[in-house]
Each structure stands twice: as C-alpha cells, then as structure tokens.
Amino acid sequence: MLAAAALTLAACSSDSGGVSLPDGSEAVIADEVVALSAAAAGWWGDGRALHALPVDDTTTAVISTTGVHLAEADGASEALDQFGQPTEVGGVALSEDRSTLALVTLWPSVVRWYDLTERRPSGVAEIGPGGDVLAFGFLGDTQALAAVTPAGVSVWPTGQEGGLATPLADAFPVGEPAFVGDRLVVPLADATDLAVIGPA
C-alpha cells in the first residue's frame, strides 16, 4: 500500500536569538534540526508511485505501477483504474483545463484516458510499435493528444477517437521533442529538419 506522509519537523534553538516580524511578534531561528517524523495521512492502493499531479485544490491524481487513484486532502482516496498487473508508465499528461488525464503504459503499450470530472476511465487506444515514448502530452489548450516514439508520431485529435499515426520512416526523432503552445516540434535524425505537428 502507498501512503501519503505528513512530516513533522522538530528543531532545537540555542542562543541565536529571534527575528522580529512585521506584526511585532518574534520568530526563533533554529540552529539545527534534531528530529524528523512521518505519519501516514492516506492510502491510495498497491504498487510503486510514479507520478502525482494536482487536479484541484484538494485532489491529487496518483499514478502507480498498478493503477490510478485520486487522493484527497482529507486522506480519502478513490481508485480510477487498476492495470491488472504491475507495469511501467511511459508518459503522463493532464489537459490544460484539468478535466482529462492521459497516460501511456508500456506493457501493454497503450494510451489510457480518464475523465476527471466524472471520475472514470474514458478510453484506451493502442500506441503502436516503436519502443520508448520520447514525448507525450496535450497540444496546448486543445483535447488533442500526441505521443512520439522512435517509429513516428501518433495524434488523437479529439480524445481517444480517431487516432492518427504519422510514421517518420528512417527519420527517427532525436534529441528532445518539445511541446510549444498547440504544436509538437520533433527534431529529425537524418537532417536538420523539424517535424511540426499541430492544428492547421
């Protein structure tokens, strides 16, 4: 089980004196930390935590090797998905309006979507061959999602419907593909060219 931890810091002050604050009170500056303790504040399922993304002021999406959970500030949690078997996650993306979470699992190599407003899975699509995911994210404030592998670029223009795979043939992406506004810029290996993917 994975736990959120609340940290308690204990410090010891000496003759270092205090600092006057604007409200007239005094803060004591500690010379050293002498104790540190942790207490469990909430559980969000089995597996090793890989990513934590803030959804709103009180909710955090936690992606682990076994699934996706929503962890609340009060310690409660809700399972959105269980992967069936432990897997690694190749990329995680949150839409600009924070209504959609998407991620890539590597075994099997698929993209998974989650509706965070209705708190449910909303789709799964194959990402295709290509091995490692070099870049993964939403294109600006749109719901279009893009993934780059050494074999090419896959784009889902409106959520999981109608995925478009764009092979790059022998021009494998190199370096760091970058999301720039509503465009994805992919440097190509066999030239000084850039592949630019995004709205027309």
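This write-up is about the structure you can find in this document. Here the structure is a predicted model, which means the values were calculated and not measured. (Residues numbered from 1 in each chain as written. Predicted model: local features only at pLDDT ≥ 70, side-chain atom pairs only at ≥ 80, totals over all residues. Heavy atoms only, no water.)

A short note on the overall build of the chain
In terms of regular secondary structure, the chain is built from zero helices and 19 strands. A total of 200 residues make up the chain; the buried ones form 36% of that total. Sequence separation of 24 or more characterises 35% of the internal contacts of the chain that already satisfy a separation of 6 or more. Accessible area for the chain stands at about 11000 Å²; split by element, carbon and sulfur atoms hold 55% of it. (Helix = DSSP H or I, 4+ residues; strand = E, 2+ residues; numbered from the N terminus. Buried < 20%, exposed > 50% of the residue type's maximum accessible area, 1.4 Å probe, protein only. Contact = heavy atoms within 4.5 Å. Areas by Shrake-Rupley, 256 points an atom, 1.4 Å probe, with all protein chains shown as cover.)

Brief notes about the sheet that holds strand β8 (residues 77-82)
Strand order in this open sheet of four strands is β5-β6-β7-β8, and the pairing throughout is antiparallel. Of all strands in the sheet, those with a lone pairing partner are β5 (49-54) and β8, marking the two edges. Put simply, the sheet's adjacent strands are angled 20° from each other on average, direction ignored. Summarising the sheet, strand β7 (residues 67-72) and β8 pair through five bridges and their orientation is antiparallel. Looking at the pairing, Ala-71 lines up with Ser-77 of β8. (Pairing = 2+ DSSP bridges. Axes fitted to C-alpha atoms, helices over the stretch in contact; angles between N-to-C directions.)

What to know about the side chain of Thr-59
By secondary structure assignment, the location of Thr-59 is in strand β6 (residues 59-64). A residue is classified by how much of its surface remains accessible, and Thr-59, at 2% relative accessible area, is buried. Those residues in contact with Thr-59 that sit more than four places away from it in its chain are Leu-53, Pro-54, Leu-70, Ala-71, Glu-72 and Arg-119.

Description of the environment of Phe-179
Topologically, Phe-179 is positioned in strand β17 (residues 178-180). When the C-alpha positions of Phe-179 and Val-196 are compared, they lie 9.7 Å apart, and in sequence the two are 17 residues distant. Those residues in contact with Phe-179 that sit more than four places away from it in its chain are Ala-135, Phe-136, Gly-137, Phe-138, Leu-139, Ala-146 and Leu-184.

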